[in-house]
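If you want the building blocks of each chain, they are given just below.
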Amino acid sequence: MKPKVYVATSLPQQAIAYLEEHCEVSRWTGDRGITKEAFIEEAAEAEGVLLTGTTIDESLLARLPHLRVVSNMSVGYNNFDLQAMRARGILGTHTPYVLDDTVADLVFALILSVSRRIAELDRFVRAGHWVKGSAADLFGTDVHHRTLGIIGMGRIGEAIAARGRLGFGMDVIYHNRSRKPDVEDRLGLRYVELDELLAEADFVVLMTPLTPQTQGYIGKEAFARMKSSAFFINASRGQTVDEAALVEALQTGQIAGAGLDVFEQEPIPPDHPLLQMEQVVLVPHIGSATAETRFEMAMLAARNLVHALRGDGEVHIVKELQP
Ligand code: DGY
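Residues numbered from 1 in each chain as written. Predicted model: local features only at pLDDT ≥ 70, side-chain atom pairs only at ≥ 80, totals over all residues. Heavy atoms only, no water.

Caption draft 1: Representation of the overall build of the chain within the structure. In terms of helices and strands, the chain carries 12 helices and 12 strands. Taken over the C-alpha trace, the chain has a radius of gyration of 21 Å; the compact-globule value for 323 residues is 20 Å, and the two agree within 12%. Seen along its three principal axes, the alpha-carbon backbone of the chain occupies a region of about 70 × 50 × 35 Å. Per-residue burial for the chain yields a buried fraction of 49% across its 323 residues. Contacts spanning at least 24 positions in sequence make up 61% of the contacts within the chain whose residues lie at least 6 apart. Of the roughly 15,800 Å² that the chain leaves accessible, carbon and sulfur atoms contribute 51%. (Helix = DSSP H or I, 4+ residues; strand = E, 2+ residues; numbered from the N terminus. Rg over C-alpha atoms; globule rule 2.2 N^0.38 Å. Buried < 20%, exposed > 50% of the residue type's maximum accessible area, 1.4 Å probe, protein only. Contact = heavy atoms within 4.5 Å. Areas by Shrake-Rupley, 256 points an atom, 1.4 Å probe, with all protein chains shown as cover.)

Caption draft 2: Just the pairing of strand β10 (residues 231–234), in detail. Residues F231 and I233 of β10 are buried on one face, and the alternating residues F232 and N234, pointing to the opposite face, are buried as well. Crossover connection from strand β9 (residues 203–206) via helix α10 (residues 220–225) to parallel β10: handedness right-handed. Bridge count for β10 against strand β11 (residues 257–260) is four bridges, and the pairing is parallel. Within the sheet, the bridge partner assigned to I233 lies in β11 and is G259. In terms of handedness, the path from β10 via helix α11 (residues 243–251) over to β11 forms a crossover that is right-handed. (Right-handed = clockwise from strand over helix to strand, strands pointing away. Pairing = 2+ DSSP bridges.)

Caption draft 3: Broad picture of the site of the ligand. Lining the immediate environment of the ligand, one finds S74, V75, G76, L99, R237, H285, G287, S288 and M297. Interatomic distance of 2.8 Å between a side-chain N/O atom of H285 and an oxygen atom of the ligand. At a separation of 3.1 Å, an oxygen atom of the ligand approaches a polar side-chain atom of S288. If the ligand stood free it would expose 240 Å²; the protein chains cover 91% of that surface. Tallied by class, the residues present in the shell around the ligand amount to three nonpolar, five polar and one charged. (Near = heavy atom within 4 Å. Polar contact = N/O pair within 3.5 Å; in protein donor to acceptor, adjacent residues only side chain to side chain. Nonpolar A, V, L, I, M, F, W, Y, C, P; charged D, E, K, R; others polar.)

Caption draft 4: Structural view of helix α1 (residues 13–22). Regarding α1, the residues found buried are A15, I16, Y18 and L19. One side of α1 carries all its buried residues, which in axial view fall inside an arc of 160 degrees. What points out from α1, more than 90 degrees from its buried face, is the exposed set Q13, Q14 and E21. Structurally, α1 contributes buried residues whose contacts are with β1 (4–7), β2 (24–27), β3 (48–51) and α12 (291–310). (Arc of directions from axis to C-beta.)

Caption draft 5: The packing of helix α5 (residues 100–115) against helix α7 (residues 155–168), seen in detail. In contact at an axis separation of 8 Å, α5 and α7 are set at 55 degrees when each is read in the N-to-C sense. When the axes of α5 and α7 are compared, the pair comes out oblique. The two elements α5 and α7 meet at a crossing, and its hand is right-handed. Where α5 abuts α7, its residues D100, D101, V103, A104, D105, V107, F108 and L112 lie against R155, I156, A159, I160, R163, G164 and F168. Considering only residue class, the contact of α5 with α7 consists of nine nonpolar, one polar and five charged. (Axes fitted to C-alpha atoms, helices over the stretch in contact; angles between N-to-C directions. Parallel < 35°, antiparallel > 145°, perpendicular 65-115°, else oblique. Left-handed = near helix turned anticlockwise from the far one by under 90°.)

Caption draft 6: Layout of the sheet that holds strand β7 (residues 171–175). Across the sheet, seven strands lie side by side as β8-β7-β6-β9-β10-β11-β12; this open sheet has parallel pairing. Two strands in the sheet have a free side with no partner beyond their single neighbour: β8 (190–191) and β12 (280–282). Its contacts with the sheet put α7 on β6 (147–151), β7 and β9, and the angle it makes with β6 is roughly 175 degrees.

Caption draft 7: Seen up close, the domain arrangement of the chain. Taken as a whole, the chain is organised into domain 1 (4–96 + 291–321) and domain 2 (100–282). Just the C-alpha atoms count here: the centres of domain 1 and domain 2 sit 32 Å apart. In this assembly, six residues from domain 1 lie in contact with five residues from domain 2. In total, domain 1 and domain 2 occlude about 470 Å² of area from one another, counting both sides; carbon and sulfur atoms represent 46% of this. Of all residues in domain 1, N78, P96 and T293 bury the most surface against domain 2, accounting for 69% of the area lost on that side. Joining domain 1 to domain 2, the criterion identifies zero salt bridges. In this structure, the connection of domain 1 to domain 2 is made through two residue pairs in polar contact (both at pLDDT 80 or more). Taken together, the residues of the side of domain 1 that touches domain 2 sort by class into two nonpolar, three polar and one charged. (Domains from an automatic or database assignment. Buried area = accessible area lost by both parts, 1.4 Å probe. Salt bridge = Lys/Arg side-chain N within 4 Å of Asp/Glu carboxyl O.)

Caption draft 8: Representation of the sheet that holds β3 in the model. A sheet is described by the order of its strands in space; here five strands give the open sequence β2-β1-β3-β4-β5, paired in parallel fashion. Edge positions in the open sheet fall to β2 and β5 (91–93), since each of these has one partner strand only. Direction aside, neighbouring strands of the sheet carry axes that sit 15 degrees apart on average. Inspection of the sheet shows β1 paired to β3 by three bridges, in the parallel sense. Across the sheet, V5 pairs through a bridge with G48, a residue of β3. Packing of α12 onto the sheet brings it into contact with β1, β3, β4 (69–72) and β5, and relative to β4 it is tilted by some 165 degrees.

If you want it as structure tokens, here you go:
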């Protein structure tokens, strides 16, 4: 008998067809994100679920007695209560590798956009303000040969470092829980303590995963250590930053600008002060959002689910839940 699975996110037809070949599939068809109550009701019989971002905690698990596998269609899994899942023997999977280059591209898009004022000057041109050649008030800041500081040297951090070093001739420094000597040698990176990175970098890129230890990791003190000419880029999770401290650092000119893909609250509230700032580039959590990469992520999430339920084949189990 095929296992019952519930899909709570939108998937391409090929991923649905693959799941239907191996499982009895039911799906969320609403045009908004699924609510917790609807999820519990719809997934009541499911042994496996495939989703993006739905919080998986004890209050939900207690009401899904058949559940064995949760397949996240994202590399981040801060929506998993790992302790609750471990206690119930639930396998949690995610989609690493396939999005590394795509997220690194987006980080560079933010670096370039904020330093060369692309979004701001696009608004300027559209508003009909371009009346003469590029005067000094339109000047930006160079990216090439500056210092790039990356906090979090996982696979995506590495892809960002490679772009900085090889594409833009940047001096790349990094901070991570553990040193990566092989990456240092291969790409010519320098490991530094966090305070040194904050003080030296022209571009501070935050890529650390959200965990209880990294909640609010970059806050008032960290912004105070950065150069007043530095740009801050966040493509990890909004909660890794103290957003009020970021707003203050931008308002007081403690840092020069920011490029942000992630926010404390998503979607960002319409009255948020960041929306008023010209020196900030904001995008709606699109790090992995290209057609090619989202397709690969969907197929990988579907294969993870099927393989984990069957107990064979390759499965990307999140590291804290690995047997
Ligand atoms: C992820 O997969 O965790 C990324 O945030 C998607 O952009």
